[in-house]
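Listed below are the residues making up each chain.
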Amino acid sequence: MGYLRKATFKDLQYVAKNLREVDKLEAFYQTGQEPLQALQFTYLCSKVNMTIADDNNAPIGLCGVVSGGVIWMVATDALFDNRKYRIQLIRKGREWVDNLLKSYKVLYNFVYAENTSAIKWLKSLGFTFIQYHEKYGMQNKPFYEFLRIA
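Participant: Quick rundown of the overall build of the chain? Include the residues and the values.
Facilitator: Each helix and strand counted, the chain has six helices and seven strands in total. What you see in the chain, going N to C, is helices and strands ordered as β-α-α-α-β-β-β-α-α-β-α-β-β. Over its C-alpha atoms, taken along the principal directions, the chain stretches across nearly 40 × 35 × 30 Å. Split into buried and exposed, the 150 residues of the chain put 48% on the buried side.

Participant: I'd like a rundown of the pairing of strand β7 (residues 141–149), residues and numbers included.
Facilitator: Looking at chain direction, strand β5 (residues 106–112) and β7 are connected through seven bridges and run antiparallel. The partner of Leu107 across the bridge, within β7, is Arg148. Relative to β7, strand β6 (residues 128–136) runs antiparallel, the two being bridged by six bridges. Within β7, the residue paired with Thr128 across the bridge is Leu147. Taking the residues that link successive antiparallel strands as the turn, the β6-β7 hairpin has four residues, and the phi of Gly137 there is positive, at about 80 degrees.

Participant: Please set out the packing of aromatic side chains residue by residue, giving values where relevant.
Facilitator: Applying the stated criterion across every chain yields a total of 10 aromatic pairs. Between Tyr29 and Tyr112 the ring centres are 5.1 Å apart and the planes differ by 70 degrees, which places this aromatic pair in the edge-to-face class. One end of the pair, Tyr29, is in helix α2 (residues 21–31); the other, Tyr112, is in strand β5, and 83 residues separate them in sequence. The exposure class of Tyr29 is buried, given its relative accessible area of 14%. Sitting over the ring of Phe80, Arg20 keeps its end group 4.2 Å from the ring centre. One Lys or Arg, Lys141, reaches over the ring of Tyr29 and ends 5.1 Å from the middle of that ring.

Participant: Provide a residue-level description of the environment of Ser46, including the pertinent values.
Facilitator: Inspection of the secondary structure puts Ser46 in strand β2 (residues 46–53). Owing to a relative accessible area of 12%, Ser46 belongs among the buried residues under this scheme. Linking Ser46 and Val70, residues 24 residues apart in sequence, is a C-alpha distance of 8.7 Å. Contacts of Ser46, omitting those with residues within four sequence positions, involve Val65, Val66 and Trp72. At 2.6 Å, the side chain of Ser46 and the backbone oxygen of Thr42 are in polar contact. Of note is the side chain of Ser46, whose polar atom sits 2.9 Å from the side chain of Trp72.

Participant: Describe α2, and please don't skip the residues or the numbers.
Facilitator: Of the residues making up α2, those classed as buried are Val22, Asp23, Glu26, Ala27 and Tyr29. For α2, the secondary structure elements touched by its buried residues are α3 (35–45), β4 (70–75), β5, β6 and β7.

Participant: Quick one: what's the story with helix α1 (residues 9–17), residue by residue and with numbers?
Facilitator: Of all the residues in α1, the buried ones are Asp11, Leu12, Val15 and Ala16. The arc that holds the buried residues of α1, viewed along the axis, is 125 degrees, so those residues lie on one side. With respect to the buried face of α1, the exposed residues turned more than 90 degrees away are Lys10 and Lys17. Against β1 (3–6), α3, β2, β3 (59–66) and β4 lie the buried residues of α1.

Participant: I'd like a description of the packing of α1 against α3, backed by residues and values.
Facilitator: Interaxial distance between α1 and α3 falls to 10 Å at its minimum, and their mutual angle equals 150 degrees. Between α1 and α3, the angle is such that the two are roughly antiparallel. Crossing geometry of α1 relative to α3 is assigned as right-handed. In this structure, α1 uses Phe9, Leu12 and Ala16 to contact α3, whose residues at the interface are Leu36, Leu39, Gln40 and Tyr43. Of the residues assigned to the contact of α1 with α3, the class counts are six nonpolar, one polar and no charged.

Rules used in this analysis
- Residues numbered from 1 in each chain as written.
- Predicted model: local features only at pLDDT ≥ 70, side-chain atom pairs only at ≥ 80, totals over all residues.
- Heavy atoms only, no water.
- Helix = DSSP H or I, 4+ residues; strand = E, 2+ residues; numbered from the N terminus.
- Buried < 20%, exposed > 50% of the residue type's maximum accessible area, 1.4 Å probe, protein only.
- Pairing = 2+ DSSP bridges.
- Phe/Tyr/Trp six-rings, centres within 6.5 Å; stacked < 30°, edge-to-face > 60°.
- Lys NZ or Arg CZ within 6 Å of the ring centre and 35° of its normal.
- Contact = heavy atoms within 4.5 Å.
- Polar contact = N/O pair within 3.5 Å; in protein donor to acceptor, adjacent residues only side chain to side chain.
- Arc of directions from axis to C-beta.
- Axes fitted to C-alpha atoms, helices over the stretch in contact; angles between N-to-C directions.
- Parallel < 35°, antiparallel > 145°, perpendicular 65-115°, else oblique.
- Left-handed = near helix turned anticlockwise from the far one by under 90°.
- Nonpolar A, V, L, I, M, F, W, Y, C, P; charged D, E, K, R; others polar.

Rendered as structure tokens:
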């Protein structure tokens, strides 16, 4: 994660095509849609859309906020496979979330219970896991509800 920049539709297409398997599953389990369709819908509904870019400006992830404070992030393997990018994801991610909390009183969402890397990342950003849902989303899979209050 060299840096965050404004997302483009081309970034969305690339990331959707190269999503981590667990992010594909999470998107499908939550929405019942294929990853590209789920991500397009989320992108279009979001007030904030950012690309997580590597040192060469290539997209390795996307993140954003849907109105009302629903925060989201998806990634390619390139983001989590590189130690440098994982460390930057925590540092820059915390900074990004802190800045978002100046505009949103609450940031929240649900994460697939088996998406352990996302759960660790969310904890490092100060999110609290408030409820376990044994059956959530279109496929009735286990998810955790999380939030962070300003």
